[in-house]
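Commentary on secondary and tertiary structure
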Protein chains: 2
Amino acid sequence: MVTDDLRATIRNIPDFPKKGIVFRDITTLLKDKNAFQNSIDLFYEKYKSIKIDKVVSVESRGFIFGSVLAYKLGAGFVPVRKPKKLPSKTISEEYDLEYGKDKLEIHLDSISQGENIIIVDDLLATGGTMNAACRLVEKLGGNIIGLAFLIELSFLNGREKLSKYQIDSLLKYDSE
Amino acid sequence: MVTDDLRATIRNIPDFPKKGIVFRDITTLLKDKNAFQNSIDLFYEKYKSIKIDKVVSVESRGFIFGSVLAYKLGAGFVPVRKPKKLPSKTISEEYDLEYGKDKLEIHLDSISQGENIIIVDDLLATGGTMNAACRLVEKLGGNIIGLAFLIELSFLNGREKLSKYQIDSLLKYDSE
């Protein structure tokens, strides 16, 4: 099965970034040209029949998948970034971290009212980051067609926080 | 001319990130599906006849162009990142900032001896970052076929620092 082949290219790193966490390292997928092609082609299959105007991604790993998908779908690409990285007028949204808060920004002129949008990231964990990205896109009038993730850590229930959206994840992990 | 059309999609932002600097904002190119496609296709034309094993890019904006080019060339993609972002064994290289130093890292197993590599970034300024990326790739035995930039700020002479490499930049700016 294609996704099993893809899963086999992910490197599992115990205790990173801290004790008890198994980090799913996607760099071993990215450097494998066949796995990288497959991952993009699987995303593409999900959206190829829908008119997508813009693909939005959150920095930095999200950029890797989002930009290729934008190119392949013939859509524009819109980066969502950490504060002070985007040089023109932005709007921002806060989201909760384990300790404290962080913020994401998007350019005010990056999306027009009614445009069809997909948001792409490498990982769905608790869903906090993606939820903030969705709020940014909707504030600009974007119509969110779907959220695409390479990896979903199902046991963290990020999907609940994003229940009003169509979610497509290529690889699910049910436990640490 | 194709590159003039491309240049027209770049937004010029005076005094960002500080007084006297004109920031070349590529987000207006990225959100324009035709300009984004053109930029990738122009890169692709330069390398399509050479066997490229890996495309290397520096975070974060470099990822946007590098990953698409890797996909299109049928190559693997290798991220070069700031310290502590890559989870497995890395090597690192320092480079000079205007005030102080910074470091870049690459995974030790990301490139094999003799592989053909291109390194892609959005911007060539003084060349310090790219020079560090080249040293990382060569430490791992990679054979650097070329360095590709969307924008080259020619007046900063980054090319001199990288004179032993083939450099392809799509858009040159001769002054601020």
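Provided above is the structure to which this section pertains.
Quick summary incoming for the structure in this document.

1. Some thoughts on the overall build of chain A
If you tally the helices and strands in chain A, you get six helices and nine strands. Relative to the 2.2 N^0.38 estimate, which gives 16 Å for 176 residues, the radius of gyration of chain A is 16 Å and therefore close to what a compact globule would have. The principal-axis extents of the C-alpha atoms in chain A amount to approximately 40 × 40 × 30 Å. The 176 residues of chain A split such that 55% are buried. The long-range fraction of contacts in chain A, counting pairs at least 24 apart against all pairs at least 6 apart in sequence, stands at 57%. By element, 47% of the accessible surface of chain A is carried by carbon and sulfur atoms, the whole surface being about 7700 Å².

2. So, the packing of helix α4 (residues 61-73) of chain A against helix α4 (residues 61-73) of chain B
The N-to-C vectors of α4(A) and α4(B) enclose an angle of 60°; their axes lie 8 Å apart at closest approach. Considering their axes alone, α4(A) and α4(B) lie oblique with respect to each other. Crossing hand, α4(A) versus α4(B): right-handed. Contact residues: Phe63(A), Ile64(A), Ser67(A), Val68(A), Tyr71(A) and Lys72(A) in α4(A); Phe63(B), Ile64(B), Ser67(B), Val68(B), Tyr71(B) and Lys72(B) in α4(B). Looking at the contact of α4(A) with α4(B) residue by residue, the class counts come to eight nonpolar, two polar and two charged.

3. Considering the pattern of salt bridges
Residues and elements named next belong to chain A. Under the criterion given, the structure shown has 30 salt bridges over all chains. A salt bridge links Glu 115 to Lys 54; the nearest nitrogen and oxygen atoms lie 2.9 Å apart. Of this pair, Glu 115 sits in the loop between β6 (101-107) and β7 (116-124) while Lys 54 sits in strand β3 (residues 54-58), placing them 61 residues apart in sequence. We note that Glu 115, like Lys 54, is buried. For Asp 96, the salt bridge identified is with Lys 101, shortest N-O distance 2.8 Å. Since its relative accessible area comes to 55%, Asp 96 is described here as exposed.

4. Considerations on helix α3 (residues 33-47) of chain B
Residues and elements named next belong to chain B. A rise of 1.5 Å per residue sets the reference length of α3, with its 15 residues, at 21 Å; its end C-alpha atoms lie 22 Å apart and thus fit the reference within 8%. Taken residue by residue, α3 has Ala 35, Phe 36, Ser 39, Ile 40, Phe 43 and Tyr 47 as its buried positions. Axial view of α3: buried residues confined to an arc of 130°, hence all on one face. The opening residue of α3, the one whose side-chain oxygen lies 3.0 Å from the backbone nitrogen of Asn 34, is Asp 32.

5. Thoughts on the interface of chain B and chain A
On the side of chain A, 38 residues touch chain B, which itself brings 38 residues to the contact. Around 3300 Å² of area is buried between chain B and chain A when both sides are counted, 59% of it from carbon and sulfur atoms. At the boundary of chain B and chain A, one finds four salt bridges. As a salt-bridge pair, Arg11(A) and Asp109(B) come within 2.6 Å of each other at their nearest N and O atoms. Listing elements by their share of the side of chain B that touches chain A, those giving two or more residues are β1 (11-14), β2 (22-25), α2 (27-30), α3, α4 and β4 (76-80) of chain B. The element that contributes the greatest number of residues to the side of chain B that touches chain A is α4(B), accounting for eight residues.

6. Side note on the side chain of Ser110(A)
Checked against the element boundaries, Ser110(A) lands in the loop between β6 and β7. In terms of polar contacts, Ser110(A) uses its side chain to reach the backbone carbonyl oxygen of His107(A), at 2.6 Å. Ignoring sequence-local partners within four residues, the contact set of Ser110(A) consists of Lys54(A), Val78(A), Glu115(A), Leu140(A) and Lys31(B).

7. Thoughts on the packing of aromatic side chains
Going through the model one piece at a time under the given rule, you end up with 10 aromatic pairs over all chains. With centroids separated by 6.2 Å and ring planes inclined at 70°, the aromatic side chains of Phe43(A) and Phe65(A) adopt a geometry described as edge-to-face. In this pair, Phe43(A) sits in helix α3 (residues 33-47) while Phe65(A) sits in helix α4, placing the two residues 22 residues apart along the sequence. Each member of the pair Phe43(A) and Phe65(A) is classed as buried. A centroid spacing of 5.8 Å and a plane angle of 90° characterise the contact between Phe63(B) and Phe77(B), whose relative ring orientation is edge-to-face. Of this pair, Phe63(B) sits in helix α4 while Phe77(B) sits in strand β4, and the two are 14 residues apart along the sequence. By the burial criterion, Phe63(B) is buried, and Phe77(B) matches it.

8. Quick notes on the relation of the copies chain B and chain A
When chain B is brought onto chain A, the operation consists of a screw motion whose angular component is 180° and whose axial shift is 0.0 Å, with 0.0 Å RMSD remaining. Accordingly, the operation relating the two chain copies is best matched by a two-fold axis. Minimal C-alpha distance to the rotation axis in chain B is attained by Val68(B), lying at 2.3 Å. When the interface residues of chain B are mapped onto chain A, 100% of them again fall at the interface, so both copies present the same face.

9. So, the sheet that holds strand β9 (residues 167-173) of chain B
To summarise the sheet geometry, strands pair through backbone hydrogen bonds and adopt either a parallel or an antiparallel arrangement. All names here are of chain B. Taking strand neighbours across the sheet as the criterion, the five strands line up as β4-β3-β7-β8-β9 in an open arrangement whose pairing is parallel. Looking at strand neighbours, the two that pair on one side only are β4 and β9, the edges of this open sheet. Mean inter-strand twist for the sheet, computed between neighbouring axes without regard to direction, equals 20°. Bridge count for strand β8 (residues 143-153) against β9 is six bridges, and the pairing is parallel. Paired with Ala 148 across the two strands is Asp 168, which belongs to β9.

The rules we used
Residues numbered from 1 in each chain as written. Chains lettered and ligands numbered in written order. Predicted model: local features only at pLDDT ≥ 70, side-chain atom pairs only at ≥ 80, totals over all residues. Heavy atoms only, no water. Helix = DSSP H or I, 4+ residues; strand = E, 2+ residues; numbered from the N terminus. Rg over C-alpha atoms; globule rule 2.2 N^0.38 Å. Buried < 20%, exposed > 50% of the residue type's maximum accessible area, 1.4 Å probe, protein only. Contact = heavy atoms within 4.5 Å. Areas by Shrake-Rupley, 256 points an atom, 1.4 Å probe, with all protein chains shown as cover. Axes fitted to C-alpha atoms, helices over the stretch in contact; angles between N-to-C directions. Parallel < 35°, antiparallel > 145°, perpendicular 65-115°, else oblique. Left-handed = near helix turned anticlockwise from the far one by under 90°. Nonpolar A, V, L, I, M, F, W, Y, C, P; charged D, E, K, R; others polar. Salt bridge = Lys/Arg side-chain N within 4 Å of Asp/Glu carboxyl O. Expected span 1.5 Å × (residues − 1). Arc of directions from axis to C-beta. Polar contact = N/O pair within 3.5 Å; in protein donor to acceptor, adjacent residues only side chain to side chain. Buried area = accessible area lost by both parts, 1.4 Å probe. Phe/Tyr/Trp six-rings, centres within 6.5 Å; stacked < 30°, edge-to-face > 60°. Least-squares fit on C-alpha atoms with pLDDT ≥ 70 in both. Pairing = 2+ DSSP bridges.

All we've got here are geometric facts, nothing functional implied.
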